[in-house]
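Coordinate inspection notes
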Amino acid sequence: MVAVAWRSLLPVIIISAFIVYEERVSFPSCKHLPDTTNHPGEHVGNEDGSPEDLKVMMVANLLLLGSEAGFVNLYFRDYYMSKFFKKSFQSLKPDMLLVLGDVSAKGSELSRSKWLSVFHQFDQILGPFLELPLHVILGDRDVGECCDLDAKSVNWVARNFPGLDSSGCGAFEISNISFVSLNAVALLCGNNKLRFGVEKVIERESVDLQMKTKSTAETKDESGMSRELSYDFGWRENAMTSGSGPVLVLHFPLYRPGNTYSREGSAFKSTIHPSGHSSNFIESSNFSASGPYDLSQTVPPNATEYIFHALKPRIIFSAHTHEFSDHSHPDGTREVTVPAMTWNTGNDPGFVVATFRGNNSAVSVTYCSVARESDILIAYTCTLVLFIILVIVSNTPQLKDF
C-alpha cells in the first residue's frame, strides 16, 4: 500500500520539482563589475541604492521575427524571454529600459505591415517594462547597410520608437542624467542625409553641453573655428574635460585601437587587432552570417575621434557584438558592450544594469546573465524521461507475496 501511495505521488513531485526549477532559473544571475576608469573626481561611494540613484536596465539584439516566427520561437523562446524580463523587473526594480538596437532580426527586409507584427511581439516580451521610461535605438538589422539605407524607411521605423528623431537619434534627460543616442549605422556611410542628420545632433549636443560649462565665455569667440577631417566632419573647439559629457548609447562599438579587453560574459579573452576587428566575434555566433554587418564592425576611427572630441561622453554603452565586454579607451572613458538578450545568437543571453549615482558622477555597472537554452531543454528532457519511466513502472505487473 505504501509503494502504491508513493507511486501516485510521483507525478506531483516531478511536476512540482520542474516548476520550482523553472521559477528559480527565470531570475537573472548578476555580478557587479569594478570601475577601471580613472576620471578625476569620481567616487563610487556606498553601493547601497538611494532615492537619487537612477537604475537603467540595458538590453540589445532581441532579434524578433514577428509574423515570421515559428512554433519554437513563439511558444518556447518568446515565452522564456518574456519570463526573464518579468523576473528581472521584479528582482532588480529598474527605473528605465534602454534597448540598444537590432530589435528585429530582419527589419531592413520587412514591409511596414510585417514591422507591425514585430512591434506587437516586442510589447508582449517587454511586459511590465512598458510602464517604465523606454528608449530604443536603431541597429543594422533594423535599417540595413549603407547601400540600402533609405531615409524615409528609417524615419518611419524611428517614429514607432519613443524619443527618436527622423535620423534615428535622440537626446533626453532623466533624474538629472543626460543621455544621447546616435544612429551608428549612418556613421558608417558616406555623404548621405542620415549621416548629416547625425552630425547635426552631435554638434547641437556639443554646443548645449559647452553652454553649461564655466568655459562658455571663452569658447564663444572661438565657436566658428573648425577644421575638416578626411571623413568631412567639422570639428569645433571644445574646452570640456574628458568624461564631463552625456551618457552615450549607440549600436556599434566605438573604434578601439590595438587594445586587449576581457569578455566578462565568456570564458576566454579576445584581442582587438589594429584594424579594430576581432576574429573571435564572428566565430562566437551562429547568427552572424545573416546580418548586414559582421560582428566585428565598429564605428570608423575618424568618426570615433569626432564623437570623443565633441561629446566627451561620461560613459558609453554599445552592442552589436552579441558578447559582453568592459573596455577603457585611451582617455579613460569606459565603454560597456551589452550582450544579446536572445537564444538566437548563442547559449549565453544577458543584459547590463547601470546605476547612476545621484550624488556624484560615478556609474556602477552590473552584468546579468539568464538561463541557457540548453539548461532549460535538459530540464524538459529529464522531466519527460522520468514520466516515461513512471508510466512503464506503473504498467508493470506487481509480484504477489507468497
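Structure report, in brief. Computed from a predicted model, the values in this text were never measured in an experiment.

Next up on the list: the pattern of salt bridges. Across all of its chains, the model carries 12 salt bridges by this definition. Linking Lys-114 and Glu-68 is a salt bridge whose minimum nitrogen-to-oxygen distance equals 3.4 Å. With a gap of 46 residues between them, Lys-114 in helix α3 (residues 112-126) and Glu-68 in the loop between β2 (54-59) and α2 (71-92) connect regions that are remote in the sequence. Two residues, Arg-195 and Glu-199, come together in a salt bridge whose shortest N-O distance is 2.6 Å. Separated by four residues within a single helix, Arg-195 and Glu-199 lie in helix α6 (residues 193-211), roughly one turn from each other. Here Arg-195 and Glu-199 have matching classes, each one buried. One continuous salt-bridge network, built from bridges that share partners, spans Glu-23, Lys-83 and Lys-87.

Next up on the list: the pairing of strand β3 (residues 96-100). Burial of β3 is extensive: five of the five residues sit out of reach of the surface. Between β2 and its parallel partner β3, the chain crosses via α2, and the hand of that crossover is right-handed. Bridge analysis of β3 against strand β4 (residues 134-137) gives four bridges, and the strand direction is parallel. Pairing of Leu-97 across the sheet is with Leu-134, part of β4. Each parallel crossover has a hand, and for β3 linked through α3 to β4 it is right-handed.

Further remarks concern the sheet that holds strand β6 (residues 177-182). The six strands lie next to each other as β5-β6-β9-β12-β14-β13, forming an open sheet whose pairing is mixed. Looking at which strands have only one partner, the edges of the open sheet turn out to be β5 (170-174) and β13 (325-328). Sheet twist, expressed as the average angle between the axes of neighbouring strands with direction ignored, equals 20 degrees. When β5 meets β6, the two strands line up antiparallel, connected through five bridges. The residue of β6 that forms the bridge with Gly-170 is Ser-181. Against the sheet, α6 contacts β5 and β6, and its axis sits at roughly 160 degrees relative to β6. Relative to the sheet, helix α9 (residues 301-311) contacts β6, β9 (247-250) and β12 (315-318), its axis offset from that of β6 by approximately 155 degrees.

What counts and what doesn't
- Residues numbered from 1 in each chain as written.
- Predicted model: local features only at pLDDT ≥ 70, side-chain atom pairs only at ≥ 80, totals over all residues.
- Heavy atoms only, no water.
- Salt bridge = Lys/Arg side-chain N within 4 Å of Asp/Glu carboxyl O.
- Helix = DSSP H or I, 4+ residues; strand = E, 2+ residues; numbered from the N terminus.
- Buried < 20%, exposed > 50% of the residue type's maximum accessible area, 1.4 Å probe, protein only.
- Right-handed = clockwise from strand over helix to strand, strands pointing away.
- Pairing = 2+ DSSP bridges.
- Axes fitted to C-alpha atoms, helices over the stretch in contact; angles between N-to-C directions.
- Contact = heavy atoms within 4.5 Å.

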